[in-house]
Amino acid sequence: MANAHDEHDSAPENTDDATVADASMTATGAAGAAGSDSGSGSTVGADGQVYTWAPASEEPKKKHKRRWPWIAIPAAGVVAGLVVASMTLIAPGVSAAGVLVGGLTKSAAANAIDARVANATVTLETSAGTVTLTGADLGATIDAEAVAAEAFNSAPAWNVSSWGSDAATTPVSIDDARAQDALRAALPDLYVDPVDAELTLNKTTGAYTVIPAADGKGISLDTVRTALADAVASEKGAATVEVKTTAIPALLTTEEAQTAADDINALTADVGFYVGDERTVPVDAALATTWITPSFSDDGTLVISANEAEIAKFTATLPSKVDRPAVDGVKLVDRQGNQLPDSIYTKEGVEGRTIGDVSKIASAFATQLEEGNGHYPLTVTTVEPKETTLERWIEVDVSEQTVYVWENGQTVRVMLTSSGLPPHESARGTFRINSHVVMQDMGCVPGYDYCTKDVKWVMYYNGDEAFHGTWWHDNFGNKMSHGCMNLSEANAKWLWDWTPIGTEVWVHD
């Protein structure tokens with residue numbers, strides 16, 4: 001037969017919560033036994049163990065010294081059990097999130113809280129009937145581990161003053177989408193889906209307009225969420241609430257869509273490629289809208305996606321639209337160096353430019369459009385124009401019946417003329433061209449003794465004296481006119497084209 005020591009060695013080890021509780025009860029019983037009989041006793045050995053003994057009987061018994069260690073070990077376990085229990089359990093009577101968790105470990109308390117949230121029921125009384133949904137149906141969750149940890153931290157079993165307290169709770173959350181699905185399935189007659197606002201594009205004009213949103217109706221999730229929290233916290237884990245339908249706003253409101261339409265229309269109104277402040281290559285709004293796709297984030301913010309491939313088709317043509325050669329300027333002056341005022345003959349110089357490599361523009365412009373900026377700055381290489389100054393004037397030598405046309409000190413054309421025949425001699429002196437007339441009748445009014453029809457390429461320089469074409473004779477080199485300088489029609493046309501207003505005319509013998 002095994003001795004007492006052997007029985008102790010063969011006793012099973014228990015480490016779970018029940019064992020701790022048993023140890024607590026054993027310790028209490030042992031303490032009571034120790035104090036109930038004056039014949040019994042206990043002492044603490046040098047090794048820290050508690051040793052107890054039974055009361056002495058009237059009859060002498062054999063001493064079993066080997067039983068003393070067997071009695072001492074359970075007593076030490078009782079004390080250890082009490083310590084472990086106080087260090088690992090939540091204080092008795094404590095509740096958290098409406099769930100009694102006293103006497104439980106943190107993990108057991110978390111499981112109990114999770115179970116309460118999942119099994120809690122909400123009964124909804126509506127015009128379409130009464131339905132009951134569980135927390136699980138509504139996708140309810142709670143941070144049970146955090147709640148349990150808070151309960152233990154604020155009310156551990158060793159802190160007697162915290163027994164029976166209520167630990168602070170963490171709000172119950174529900175999965176909005178899952179809850180809506182459950183409510184719709186249970187009460188379909190109470191739901192009307194909202195309609196989001198919509199952007200529409202006029203592909204001809206490239207302008208966006210808005211189709212307004214329409215609100216729907218259904219059960220407010222806030223009401224359900226509050227009822228579920230009440231159910232979880234209640235003694236029976238249930239709550240009943242009367243609910244009515246409420247408006248469900250569209251995810252994309254009319255105002256949000258209109259703001260987006262205005263932003264897109266502003267973006268495409270002056271989109272293009274710029275050299276400085278010049279919109280060198282404009283892009284039609286209708287084309288620009290084919291490069292971008294608008295969408296919306298969850299909070300209703302406009303998001304623009306740009307199609308780099310489509311943009312690249314256009315940017316490949318930029319050199320033909322941007323590059324240009326320099327155009328030299330021309331400034332006409334008289335013999336004194338004063339600029340002649342006739343803008344037909346004066347040309348301002350135009351700067352030349354080249355754009356170079358365009359292969360990376362599409363990618364950069366796509367990024368810029370997505371940021372809402374449609375002004376793309378082009379980098380070009382410029383070529384400065386040259387400026388030419390032309391000194392022009394006309395000389396008429398009456399004695400030679402010859403017209404000399406001068407430019408920059410060189411004779412560029414020499415023409416025979418027929419000046420005024422006495423008594424209508426042409427005036428001598430220095431004059432300036434003051435008008436150009438393509439064709440007119442000369443004379444043909446009272447006070448003149450002649451009438452010549454359809455005189456072409458007329459340039460007046462002194463009263464009614466002018467250079468003009470002559471179709472009625474070809475006797476040039478001899479005086480023939482009433483004071484004008486007759487020229488062949490070919491020469492008159494050339495001089496008419498060449499001569500700006502203000503050109504100096506010197507008539508002399």
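Residues numbered from 1 in each chain as written. Predicted model: local features only at pLDDT ≥ 70, side-chain atom pairs only at ≥ 80, totals over all residues. Heavy atoms only, no water.

The subject of this paragraph is the packing of helix α4 (residues 106-119) against helix α5 (residues 144-154). Packing of α4 against α5 brings their axes to within 8 Å, and their N-to-C directions diverge by 130°. In terms of orientation, α4 and α5 fall into the oblique class. Seen along the crossing, α4 lies across α5 with a hand that is right-handed. Residue-level contacts link K106, A109, A110, I113 and D114 of α4 to A144, E145, V147, A148, A149 and F152 of α5. Of the residues belonging to the contact of α4 with α5, the class tally is eight nonpolar, no polar and three charged. (Axes fitted to C-alpha atoms, helices over the stretch in contact; angles between N-to-C directions. Helix = DSSP H or I, 4+ residues; strand = E, 2+ residues; numbered from the N terminus. Parallel < 35°, antiparallel > 145°, perpendicular 65-115°, else oblique. Left-handed = near helix turned anticlockwise from the far one by under 90°. Contact = heavy atoms within 4.5 Å. Nonpolar A, V, L, I, M, F, W, Y, C, P; charged D, E, K, R; others polar.)

Here the focus is the sheet that holds strand β11 (residues 238-242). Read across the open sheet, the three strands follow the order β6-β5-β11; overall the sheet is mixed. Every interior strand has two partners, whereas the edge strands, β6 (129-134) and β11, have only one. Recorded for the sheet is a direction-independent mean angle of 20° between the axes of neighbouring strands. Where strand β5 (residues 121-126) meets β6, six bridges bridge the pair, whose relative direction is antiparallel. For V122, the partnering residue across the bridge sits in β6 and is L133. Together, β5 and β11 form the strand contacts of helix α7 (residues 221-233), whose direction differs from that of β11 by roughly 150°. (Pairing = 2+ DSSP bridges.)

All chains considered together, the criterion is met by 13 salt bridges. A salt bridge links R432 to D334; the shortest N-O distance between them is 3.0 Å. With R432 in strand β24 (residues 429-432) and D334 in the loop between β17 (329-333) and β18 (352-354), this pair connects stretches of sequence that are 98 residues apart. Between R428 and D509 there is a salt bridge whose closest N-O contact spans 2.6 Å. With R428 in the loop between β23 (410-416) and β24 and D509 in the segment after β29 (504-508), this residue pair connects regions lying 81 residues apart in the sequence. By relative accessible area, which is 57% here, D509 ends up exposed. It is possible to trace a salt-bridge network through shared partners that takes in E425, R428, K479 and D509. (Salt bridge = Lys/Arg side-chain N within 4 Å of Asp/Glu carboxyl O. Buried < 20%, exposed > 50% of the residue type's maximum accessible area, 1.4 Å probe, protein only.)

In this model, α7 (13 residues) spans 18 Å end to end at C-alpha, consistent with the 18 Å of a helix rising 1.5 Å per residue. When we look at burial in α7, the residues that qualify are L221, V224, A227, L228, A231 and V232. Viewed along the axis of α7, the buried residues span an arc of 140°, placing them on a single side of the element. Turning to α7, the residues buried within the fold contact α4, β5, α6 (176-186), β10 (216-219) and β11. For α7, the N-terminal capping position is held by S220, with its side-chain oxygen 3.3 Å away from the main-chain nitrogen of D222. (Expected span 1.5 Å × (residues − 1). Arc of directions from axis to C-beta. Polar contact = N/O pair within 3.5 Å; in protein donor to acceptor, adjacent residues only side chain to side chain.)

Take the environment of A157 next. Looking at the element boundaries, A157 is found in the loop between α5 and β7 (166-167). On the basis of relative accessible area, A157 is assigned to the buried category, the value being 14%. Considering only alpha carbons, one finds A157 and V94, 63 residues apart in sequence, at a separation of 9.6 Å.

Moving on, we come to α5. Among the residues of α5, those classed as buried are A144, V147, A148, A151 and F152. End-on, the buried residues of α5 take up no more than an arc of 130°, which puts them together on one face. For α5, the exposed residues lying more than 90 degrees away from the buried face are E145 and N153.

Turning to the environment of I174, a few remarks are in order. Note on placement: I174 falls in the loop between β7 and α6. A relative accessible area of 11% places I174 in the buried class. When the C-alpha atoms of I174 and L228 are compared, they prove to be 9.1 Å apart, with 54 residues separating the residues in sequence.

A separate point is the side chain of S481. Relative to the elements of secondary structure, S481 occurs in the loop between β27 (465-469) and β28 (485-487). Judged by its relative accessible area of 6%, S481 falls in the buried class. At 3.1 Å, the side chain of S481 and the backbone nitrogen of G420 are in polar contact. Dropping the residues within four chain positions of it, S481 is found in contact with S418, S419, G420, L421, H424 and N486.

Here we come to the environment of S234. Secondary-structure assignment places S234 in the loop between α7 and β11. In this structure S234 comes out as buried when scored by relative accessible area, which is 19%. Along the chain, S234 and G98 lie 136 residues apart, while their C-alpha atoms are 6.3 Å from each other. Beyond its immediate chain neighbours, meaning those up to four positions away, S234 contacts G98 and R116. For S234, the side chain forms a polar contact with the main-chain oxygen of A231, separated by 2.8 Å.

Another point: the sheet that holds β27. Pairing in this open sheet of four strands is mixed, and the strands run β25-β26-β27-β28 from one edge to the other. Taken across any chain shown, the strands that pair with only one partner, and hence form the sheet edges, are β25 (435-443) and β28. For this sheet, the mean angle separating the axes of adjacent strands, direction not counted, is 35°. Examined bridge by bridge, strand β26 (residues 451-462) and β27 share three bridges and lie antiparallel to one another. The residue bridging M459 from the neighbouring strand is F467, located in β27.

Functional significance is not addressed by these values, which are geometric in nature.
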